[in-house]
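Take a look at the letters that make up each chain.
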Amino acid sequence: LMNEEIRIHSWPCSYYLDTSKQWVSGRLSLTPVAIKFTADKTGELLVDFHLSSISEIKKESSNLIFSSLTILERSTKHWFSSLQPNRNVVFNILEHFWREQLLSNQGAGAEAGPLQSTKGKELTGLLAGSQKRLEDTAKVLHYQGEQFDNIMRGLNKIEGDMDVADRLLTELESPSWWPFSSKLWKTPLEAKPKETATVSDSKNQEGIIIRIPVIITHRTDSNVKPGKLTLLASGLEISDCNSQVIHRFESKDVDDIRVHTPYEISVRQRFIGKPDTSYRLLSAKMPEAIPILEMQFSKKIQFLEDALGFVGARKSPQVDLGTSIWQAATGLLGGVVQPGSPVGGGEGMDNEQVQLQSQEQISESETKELKQILKKLKGLALEAEAELERQDEALDSITTSVDRATLNIDKQNRRIKKLT
């Protein structure tokens with residue numbers, strides 16, 4: 001589980017202490033679930049309340065207090081002033097996390113009945129989350145597979161062109177009295193325009209994997225603005241609140257992604273002789289996007305110190321993907337339903353159902369739902385494993401084709417040198 005005490009951001013400011021009727025300088029801090037204020041001089045924690053207890057966040061001012069931020073917590077109004085870097089930055093970030101906390105609480109409230117959540121419901125939630133992750137993985141793998149297919153088509157075209165080049169070189173190397181040179185020269189020139197038409201057919205074949213609300217900072221600007229981050233199979237897109245695209249990174253454009261905390265990342269594209277294109281993105285939903293980014297940009301993503309615990313809990317080798325996910329799912333069920341008994345990856349569905357139904361904690365309807373999710377998980381995991389094996393074979397073919405093409409090019413270069 002995510003550490004609820006992780007500090008997402010903190011800002012120097014002043015807090016109006018009503019008991020002594022004076023302003024106290026200190027730091028306003030935000031965690032995933034709470035707001036705190038600590039006094040500089042004494043180190044005393046003067047404010048500490050849950051985001052869900054906030055009923056209003058406003059930008060206010062009066063004759064005596066300019067550029068202040070007020071937070072209404074139940075019946076208490078908290079005043080913050082002299083906010084750095086500025087009031088808008090703090091307001092946008094606090095409001096984003098407060099709103100997301102309210103939305104998640106509403107969702108939890110709608111699902112929760114009068115009784116406390118059972119183990120069956122907890123398991124259903126966990127496995128449904130795993131299913132979503134696998135579906136996201138399948139989208140990325142499918143896109144990668146299409147890219148490999150495109151590469152293979154391109155290599156096949158190169159091989160065809162090289163055959164034409166071989167014939168041309170043979171014709172050039174032939175004696176001057178050889179009668180068929182004009183026909184050979186025309187063939188490749190007539191074929192070329194037809195082939196260019198097929199290249200654009202596979203363009204824009206992509207799907208949205210996930211879209212989350214974010215707070216956007218561009219380069220080192222002090223201002224922030226709310227927007228959205230969309231992860232696509234082919235890259236990522238940053239847009240404003242009105243869904244107008246601010247910037248789109250194709251996968252090849254991204255030079256590095258830094259994970260500062262589980263809630264904040266920065267994406268950068270480097271240039272020579274001009275400033276980098278860099279965006280810093282903060283979101284309460286970022287923990288959902290990071291595993292997908294890690295999969296898509298495994299060689300370009302870097303977890304900084306505050307985010308290392310986040311990645312450590314999820315690291316697993318990519319080998320035997322289907323088997324490992326399936327074993328994790330069945331092991332999870334066995335551990336929660338019957339903590340004392342080991343569950344092996346080879347056990348059948350019927351045995352698992354018997355185990356589930358034998359417990360009073362899990363109802364018959366929950367057992368059926370869990371069985372359905374497990375079936376989907378197993379299917380998705382096996383599909384992912386099969387696609388990975390197919391892509392491994394495709395990579396081997398691509399490597400072989402590239403090696404063969406390189407040898408042919410070297411050979412043709414030597415023949416051209418002799419001719420010239």
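About the criteria used
Residues numbered from 1 in each chain as written. Predicted model: local features only at pLDDT ≥ 70, side-chain atom pairs only at ≥ 80, totals over all residues. Heavy atoms only, no water. Helix = DSSP H or I, 4+ residues; strand = E, 2+ residues; numbered from the N terminus. Buried < 20%, exposed > 50% of the residue type's maximum accessible area, 1.4 Å probe, protein only. UniProt positions renumbered as here; feature names shortened; annotations may be inferred. Pairing = 2+ DSSP bridges. Axes fitted to C-alpha atoms, helices over the stretch in contact; angles between N-to-C directions. Patch = residues over 30% accessible without salt bridge, like charges linked within 9 Å, V, L, I, M, F, W, Y side chains within 5 Å. Areas by Shrake-Rupley, 256 points an atom, 1.4 Å probe, with all protein chains shown as cover. Salt bridge = Lys/Arg side-chain N within 4 Å of Asp/Glu carboxyl O. Lys, Arg positive; Asp, Glu negative; His and termini not counted. Charge placed at Lys NZ, Arg CZ, Asp CG, Glu CD. Phe/Tyr/Trp six-rings, centres within 6.5 Å; stacked < 30°, edge-to-face > 60°. Lys NZ or Arg CZ within 6 Å of the ring centre and 35° of its normal. Contact = heavy atoms within 4.5 Å. Core = buried A, V, L, I, M, F, W, Y, C linked by side-chain atoms within 4.5 Å. Domains from an automatic or database assignment.

> Explain the environment of Ala-34 residue by residue, including any values.
Along the chain, the position of Ala-34 falls in strand E3 (residues 34–39). Assessed through its relative accessible area of 8%, Ala-34 is described here as buried.

> Go over the UniProt feature "coiled-coil region" (unreviewed entry) in the protein, please, and point to the residues and values.
If you check UniProt for "coiled-coil region" (unreviewed entry), the listed places come out as residues 367–394 in our numbering. Secondary structure content for residues 367–394 is 100% helix and 0% strand, while the C-alpha to C-alpha distance between its ends is 40 Å.

> Got a sec to walk through the sheet that holds strand E2 (residues 22–30)? Specific residues and values, please.
One open sheet holds the seven strands; their spatial order is E4-E3-E2-E1-E7-E6-E5, and the pairing between them is antiparallel. On the outer flanks of this sheet lie strand E4 (45–50) and strand E5 (54–60), each paired with one strand and no other. Between one strand and the next, the sheet's axes are offset by a mean angle of 30 degrees, whatever the strand orientation. By the bridge criterion, six bridges tie E5 to strand E6 (residues 68–73) in an arrangement that is antiparallel. For Glu-60, the partnering residue across the bridge sits in E6 and is Ser-68.

> Would you mind going over a negative patch on the surface in detail, with residue names and values included?
The grouping of Glu-389, Asp-392, Glu-393 and Asp-396 at the surface amounts to a negative patch. Checked against the element boundaries, Asp-392 lands in helix H8 (residues 364–419).

> Give me the pairing of strand E8 (residues 208–218): which residues, what numbers.
In the case of a regular strand, side chains alternate between the two sheet surfaces. Two strands pair when backbone bridges link them, and E8 and strand E9 (residues 225–232) are joined in this way by eight bridges, in the antiparallel orientation. Opposite Arg-211, over in E9, you have Thr-230 as the bridge partner. Pairing geometry for E8 and strand E14 (residues 277–282), over four bridges, is antiparallel. Note on E14: the bridge partner recorded for Thr-217 is Arg-280.

> Tell me about the packing of aromatic side chains, residues and numbers included.
Counting across every chain of the model gives six aromatic pairs. With a centroid separation of 6.1 Å and 55 degrees between ring planes, the pair formed by Phe-37 and Phe-80 is classed as tilted. Residue Phe-37 is located in strand E3, and its partner Phe-80 is located in strand E7 (residues 76–81); the two are separated by 43 residues in the primary sequence. The buried category is assigned to Phe-37, whose relative accessible area is 0%. Aromatic rings pair up to connect Tyr-15, Phe-37 and Phe-80 into one cluster. Sitting over the ring of Phe-91, Lys-59 keeps its end group 4.8 Å from the ring centre. Positioned above the aromatic ring of Phe-271, the side-chain terminus of Lys-274 is 4.5 Å from the ring centre.

> Explain the sheet that holds strand E11 (residues 245–250) to me, and be specific about the residues and the numbers.
The strand order across the open sheet formed by eight strands is E11-E10-E9-E8-E14-E13-E12-E15, and the pairing between neighbours is mixed. Bordering the open sheet on either side are E11 and strand E15 (301–303), each of which pairs with just one other strand. Adjacent strand axes in the sheet meet at a mean angle of 25 degrees when their direction is disregarded. Packing against the sheet, helix H4 (residues 286–296) makes contact with E8, E9, strand E10 (235–240), strand E12 (256–261), strand E13 (264–269), E14 and E15, and its axis sits at approximately 105 degrees to E8.

> Any details on the environment of Ile-8? Residues and values, ideally.
With respect to the helices, strands and loops of the structure, Ile-8 is situated in the segment before strand E1 (9–17). With residues near it in sequence (within four places) discarded, Ile-8 still touches Leu-30, Thr-31, Pro-32, Phe-97, Tyr-263, Glu-264 and Leu-282.

> For the pattern of salt bridges, give the residues involved together with the corresponding values.
The full count for this structure, using the stated rule, is twelve salt bridges. The closest approach of N and O atoms between Asp-253 and Lys-252, which form a salt bridge, is 3.6 Å. The exposure class of Lys-252 is exposed, given its relative accessible area of 69%. Here the residues in one salt-bridge network are Asp-256, Arg-268, Arg-270 and Asp-276, joined through shared partners.

> Account for the nonpolar core, with residues named and values stated.
Counting residues in hydrophobic clusters, the biggest one holds 32 residues, and the most contacted among them are Leu-28, Leu-30, Ile-35, Phe-80 and Leu-94. Of all elements in the fold, only E1, E2, E3, E4, E5, E6 and helix H1 (87–111) reach the threshold of two or more residues within this core. With seven residues, the top contributor of residues to this core is H1. Shared between two domains, this core takes at least three residues from each, and those domains are domain 1 (9–104) and domain 2 (208–307). In this structure, Leu-94 is in contact with Trp-11, Leu-28, Leu-30, Ile-35, Ile-57, Leu-69 and Ile-71, ignoring residues within four places of it in sequence. Counting 28 residues, the second-largest nonpolar core is a separate cluster that includes Ile-210, Ala-233, Tyr-279 and Ile-301.

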